Amino acid sequence: MKLTDILRQINEEEEENGLQSPDKANYEVAIIPSDMQAALDALSNSENYVVKVKDEEGNEKIDTNFSRTFSDRSQIDKIFGRSKMAEKNEDAMNNWNSLSPVGRRSKVRDLQKREPEVYKKGIEGKDFIKAYDFWQSEGNEGSEEDFIVANDYKSGVEFAPIKKISKLGTDNKYFPQKNADTLKKYAGTLSIDTNYDIDGDKIVFPSAKNEWGNKDLIKRRIKTIMDNAGVEFKEDTQYQLPDETPTQSIPTPTPKPAGPSVLTLTLDPDKIKGKKPELNAIIKLLKNTYDKNFDYDQEKGVIKITNIKPERRADVTRQFGKFLKTTSPVKESLDFDLERYQMLRRAGIIK
């Protein structure tokens, strides 16, 4: 090995062990890649986590592999999920619901590559297609992938698009199967939202999220990863994380917790006549969506949905608009004299 290679390796080991002086500037390592998806793919491929050198004969070889030192047990569990299926389902829900939209999209594309048959079967399923069509009918635009990313992972048997493309019967395919090959591929690489974040067109590598610690070492290794993958990028040398120092404020009384939100809709029997198939299709779809929280009393023509999100109330009401009873508007009194009323109040005659 050449002397320059030995000195560089010693320098990296000192930085990794915190023996060199700490960074003075209050910034984080951030890059602006020319192709965001290519950069994310590069970060998820352990083959890019190597330093290559040439020997005296000009042959290229791997000098340093820095992927193997990165993962610990907690990270491995986060990447592969725990071993028991019940725990794995819970881990999948917690992981998906904690991911940013970019992180969710990255997971969907990982499933497309890793489990193509499960993914294809999921998006071609009747319940997925119906839910996707309903999502679009509410004014949402986007592909099946956008639909999956936009929705949370639900517990139990409740419908969730991500479950349809990551489960085969009771077998949860959300996480990769853990073996020697996948440990090398997944456990030795940086993970989105865990070790780095997406901020607009930037990928940010906060030192607090990175076991490599020293920012100069992080910067050099990210450059190695991108160079190995052939991804061009620019550095943002002035990137700073938002100041999250809490400011003092006057404490406000804690409001009493509200009871569960309930939407009650009363159907008009005359408006239902001749349109029952259309009504039943909407009811069936919402029943699949809200499951135990959905109740339909056919005799009274009353629909109740419990624990509905406030932003969904108006959308659901519009779905049933043509079938609902009209409410009588409140009539204003034509005999009320506002000016006379105000004059009498100022004179103290009425209070």
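Residues numbered from 1 in each chain as written. Predicted model: local features only at pLDDT ≥ 70, side-chain atom pairs only at ≥ 80, totals over all residues. Heavy atoms only, no water.

Draft legend 1. Region of the structure containing unusual backbone geometry. The phi torsion at Asn 307 lies on the positive side, around 60°, for a residue other than glycine. Along the chain, Asn 307 turns up in the loop between β11 (302-306) and α14 (310-319). (Helix = DSSP H or I, 4+ residues; strand = E, 2+ residues; numbered from the N terminus.)

Draft legend 2. Structural context of the environment of Asn 172. As for its position among the elements, Asn 172 is in strand β5 (residues 171-172). For Asn 172, a relative accessible area of 4% gives the class buried. For the pair Asn 172 and Lys 88, spaced 84 residues apart in sequence, the C-alpha to C-alpha distance is 7.3 Å. A distance of 2.7 Å separates a polar atom in the side chain of Asn 172 from a polar atom in the side chain of Asn 89. (Buried < 20%, exposed > 50% of the residue type's maximum accessible area, 1.4 Å probe, protein only. Polar contact = N/O pair within 3.5 Å; in protein donor to acceptor, adjacent residues only side chain to side chain.)

Draft legend 3. Here's a closer look at the side chain of Lys 88. Counting through the fold element by element, Lys 88 comes out in helix α4 (residues 85-98). The side chain of Lys 88 is buried and forms no salt bridge, while Asp 91, the nearest opposite charge, is found at 6.8 Å. If we ignore the near neighbours within four places in the chain, the residues touching Lys 88 are Phe 80, Gly 81, Arg 82, Ser 83, Asn 172 and Phe 175. (Lys, Arg positive; Asp, Glu negative; His and termini not counted. Salt bridge = Lys/Arg side-chain N within 4 Å of Asp/Glu carboxyl O. Contact = heavy atoms within 4.5 Å.)

Draft legend 4. Layout of the confidence of the model for the protein. Residues of the protein with pLDDT of at least 70 account for 77%, and the chain-wide mean is 79. Across residues 18-24, confidence stays below pLDDT 50; counting only partners more than four residues off in sequence or on other chains, it has 8 contacts. Contacts of residues 328-335 to residues separated by more than four positions or lying in other chains number 0 contacts, the stretch itself having pLDDT below 50. (pLDDT = per-residue confidence, 0-100.)

Draft legend 5. Examining the sheet that holds strand β10 (residues 294-297) more closely. Pairing within the open sheet is antiparallel, and its 3 strands lie in the order β9-β11-β10. This sheet does not close on itself; its edge strands, each paired only once, are β9 (262-266) and β10. Between one strand and the next, the sheet's axes are offset by a mean angle of 10°, whatever the strand orientation. In the sheet, β10 pairs with β11 via 4 bridges, with the strands oriented antiparallel. Residue Phe 294 lies in a different strand from β11, and its bridge partner there is Ile 305. On the sheet, helix α13 (residues 276-290) packs against β10 and β11 and is oriented at approximately 145° with respect to β10. (Pairing = 2+ DSSP bridges. Axes fitted to C-alpha atoms, helices over the stretch in contact; angles between N-to-C directions.)

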